[in-house]
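# Commentary on secondary and tertiary structure
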Amino acid sequence: MQKKVYVIIVTYNGSKWIRKCLHTVLESTIPVNVLVIDNCSTDNTVEIIKTEFSKVKLLKQEENLGFGKANNVGIRLALKEGADYFLLLNQDAYVEKRMIQELVNVFETDQENVGIVSPVHLSANGSLDFGFQDHIKRYTSTESYQAILSRKEGVYKTDFINAACWLVNRNTIETVGVFNPLFPHYGEDNDFVNRLHYFGLGIKVSTKTTVIHDRIQTENLKFKSLTGKEKVSFYKHMANVKLSILKALLTVFDKWVRETVYYLFTGKWNKMVAVNVGWFTMWGSMKTILKSRKMSETKGAYL
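Anyway, here's the lowdown on the structure attached to this text. Worth saying up front: this structure is predicted, and the values here are computed from it rather than measured.

## Observations regarding the overall build of the protein
Assigned secondary structure in the protein consists of 12 helices and nine strands. The C-alpha radius of gyration computed for the protein amounts to 19 Å, which stays within 12% of the reference 19 Å derived for 303 residues, consistent with globular compactness. Taken along the three principal axes of its C-alpha coordinates, the protein extends 55 × 45 × 40 Å. Burial statistics for the protein: of 303 residues in total, 53% are counted as buried. Long-range contacts, defined here as pairs at least 24 residues apart, represent 75% of the contacts in the protein between residues at least 6 apart. Of the roughly 14700 Å² that the protein leaves accessible, carbon and sulfur atoms contribute 53%.

And the structure:
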């Protein structure tokens, strides 16, 4: 029996990428249902989808919900319509024809408790995406990292992959839930993965297929983005259900002291200020974070 696969794409001013993204998805070797959740784009993204992609279901939002909440809109609808698999795909990502089938095959043949399967992420020039390479280096065994780096065909365990291209199955959603609304943009994938591990599920990377993530291959954040990133970093540590509240507090305290001292003595004043903005913002939101932790420990959280 053919599995029901839904591709969920969140768009925001994505006219630069959306044609190629949707064309590659619709050329998939297995049938897919495509949901686009548009976060109130101000360019012609919506018009492109309406006029050129009649097979795509477009869900226009009245405000920018952010990445996590917008994905949740699509996941809930797909779940209601009986989806077996959910491919969460960035608007600036292009898939191979067999990619979705290959990722489904991992779920169908793997006997372990798999919760997320991802392809290898490439940049537009064919090299490994900088974020993907950083994550597999940090969260994958040395042996698996080298195998992925050399594109040795296989399926490998990792502890984290960013959510540019995730395939999850129905069991994952019914067990872990959807993205935590505590994280409107950035950090939602870290939080989801922490909850995934909390429920005993894992992540696999298949080197049999790839996705192109067509983005700038560097991270040079302005001060506003830097403070936002630090806020998210404190939040995700404190909301991590894999840690006891005491361990989470010790983790964020260690981060605050260590990074403040380091940036102070290295003269990186903007980063030092950003860390402290994140630290104090976290304390102002502690009640909300603790409530989030309690919710995240329940099956099907935030559905």
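## Structural notes on the pattern of salt bridges
With the rule as written, the count across this model stands at 11 salt bridges. We note a salt bridge from Glu-81 to Lys-57, for which the minimum N-O separation is 3.1 Å. Placement of the pair is Glu-81 in the loop between α3 (66-80) and β4 (85-90) and Lys-57 in strand β3 (residues 56-60), with a sequence separation of 24 residues. Between Glu-174 and Arg-170 there is a salt bridge, with its nearest N and O atoms 3.1 Å apart. Of the two residues, Glu-174 and Arg-170 are both situated in helix α7 (residues 170-176); the distance of four residues between them amounts to about one turn of the helix. A residue is classified by how much of its surface remains accessible, and Glu-174, at 41% relative accessible area, is partly exposed. You can call Arg-170 partly exposed: its relative accessible area is 26%. Each member of the salt-bridge network shares a partner with another, and the members are Glu-230, Lys-255 and Glu-259.

## What to know about the environment of Glu-47
Mapped onto the elements, Glu-47 comes out in helix α2 (residues 45-52). When its relative accessible area of 45% is taken as the criterion, Glu-47 is described as partly exposed. For the pair formed by Glu-47 and Ser-15, sequence separation is 32 residues and the distance between their alpha carbons is 9.2 Å.

## Topic: the pairing of strand β9 (residues 202-213)
Along any regular strand, the residues point their side chains to alternate faces of the sheet. Burial analysis of β9 places 10 of its 12 residues in the buried class, which makes it a mostly covered element. Here strand β5 (residues 93-95) pairs with β9 via three bridges, running antiparallel. Counterpart to Tyr-94 in the pairing with β9 is Ile-212. Relative to β9, strand β6 (residues 114-122) is paired through eight bridges, and the arrangement is parallel. Residue Ile-116 lies in a different strand from β9, and its bridge partner there is Ile-203. Where strand β7 (residues 155-158) and β9 come together, four bridges link them in antiparallel fashion. Pairing of Thr-158 across the sheet is with Ile-203, part of β9.

## Here's the deal with the side chain of Asn-39
Within the secondary structure layout, Asn-39 lies in the loop between β2 (33-38) and α2. One polar contact links Asn-39 to Asn-64, side chain to side chain, over a distance of 3.3 Å. Polar contacts involving the side chain of Asn-39 include one to the main-chain amide nitrogen of Leu-65, which spans 3.0 Å. Those residues in contact with Asn-39, other than ones at most four positions away along the chain, are Val-10, Thr-11, Tyr-12, Gln-61, Glu-63, Asn-64, Leu-65, Gly-66, Phe-67 and Ala-70.

## What to know about helix α12 (residues 286-296)
Met-286, Ile-289, Ser-292, Arg-293 and Ser-296 are the residues of α12 that are buried. Each buried residue of α12 lies within a common arc of 120° when the element is viewed along its axis, so the set occupies one face. With respect to the buried face of α12, the exposed residues turned more than 90 degrees away are Lys-287, Lys-291 and Lys-294. Close packing links the buried residues of α12 with α8 (188-198), α9 (223-238), α10 (245-265) and α11 (269-284).

## Topic: the side chain of Asp-38
Position of Asp-38 relative to the elements: it lies in strand β2. No salt bridge forms around the buried Asp-38; measuring N to O, its nearest opposite-charge neighbour Lys-60 is 7.0 Å away. The contact partners of Asp-38, leaving out residues within four places of it in the chain, are Thr-11, Tyr-12, Thr-45, Val-46, Leu-58, Leu-59, Lys-60 and Gln-61.

## Re helix α6 (residues 142-149)
Taken together, the buried positions of α6 are Ser-144, Tyr-145, Ala-147 and Ile-148. Down the axis of α6, the sector holding all buried residues measures 165°, keeping them to one side. α6 presents Thr-142 and Glu-143 as exposed residues on the side facing more than 90 degrees away from its buried surface.

Conventions and cut-offs
- Every chain begins its residue count from 1, and numbering advances along the sequence as written.
- In keeping with the model being predicted, local features are shown solely for residues with a pLDDT of at least 70 and side-chain atom pairs are shown and tallied solely at 80 or more, while totals for entire chains, interfaces and linings include all residues.
- The side-chain numbers reported here are obtained from all heavy atoms of the structure, hydrogens and water having been left aside.
- Starting at the N terminus, helices and strands are each numbered in turn, a helix being any DSSP run of H or I of at least four residues and a strand any DSSP run of E of at least two.
- The globule rule used for comparison is 2.2 Å times the number of residues to the exponent 0.38, while the radius of gyration itself is calculated over C-alpha atoms.
- Whether a residue is buried, partly exposed or exposed follows from its accessible area with a 1.4 Å probe, protein chains only, as a fraction of its type maximum: under 20%, in between, or over 50%, in that order.
- Residues count as neighbours in contact if any of their non-hydrogen atoms are within 4.5 Å of one another.
- Note on areas: these come from Shrake-Rupley sampling with a 1.4 Å probe, and a residue is covered only by the protein chains present in the view.
- Here, a salt bridge means any side-chain nitrogen of Lys or Arg that lies within 4 Å of a carboxyl oxygen of Asp or Glu.
- Paired strands are those between which DSSP finds at least two bridges.
- Here a polar contact is recorded for every N or O atom pair within 3.5 Å, except that within protein the pair must consist of a potential hydrogen donor and a potential acceptor, and residues adjacent in sequence are included only if both atoms are side-chain atoms.
- Think of the arc as the fan of directions from the helix axis to the C-beta atoms.
- Neither His nor the chain ends contribute to the count of charged residues, in which Lys and Arg are positive and Asp and Glu negative.

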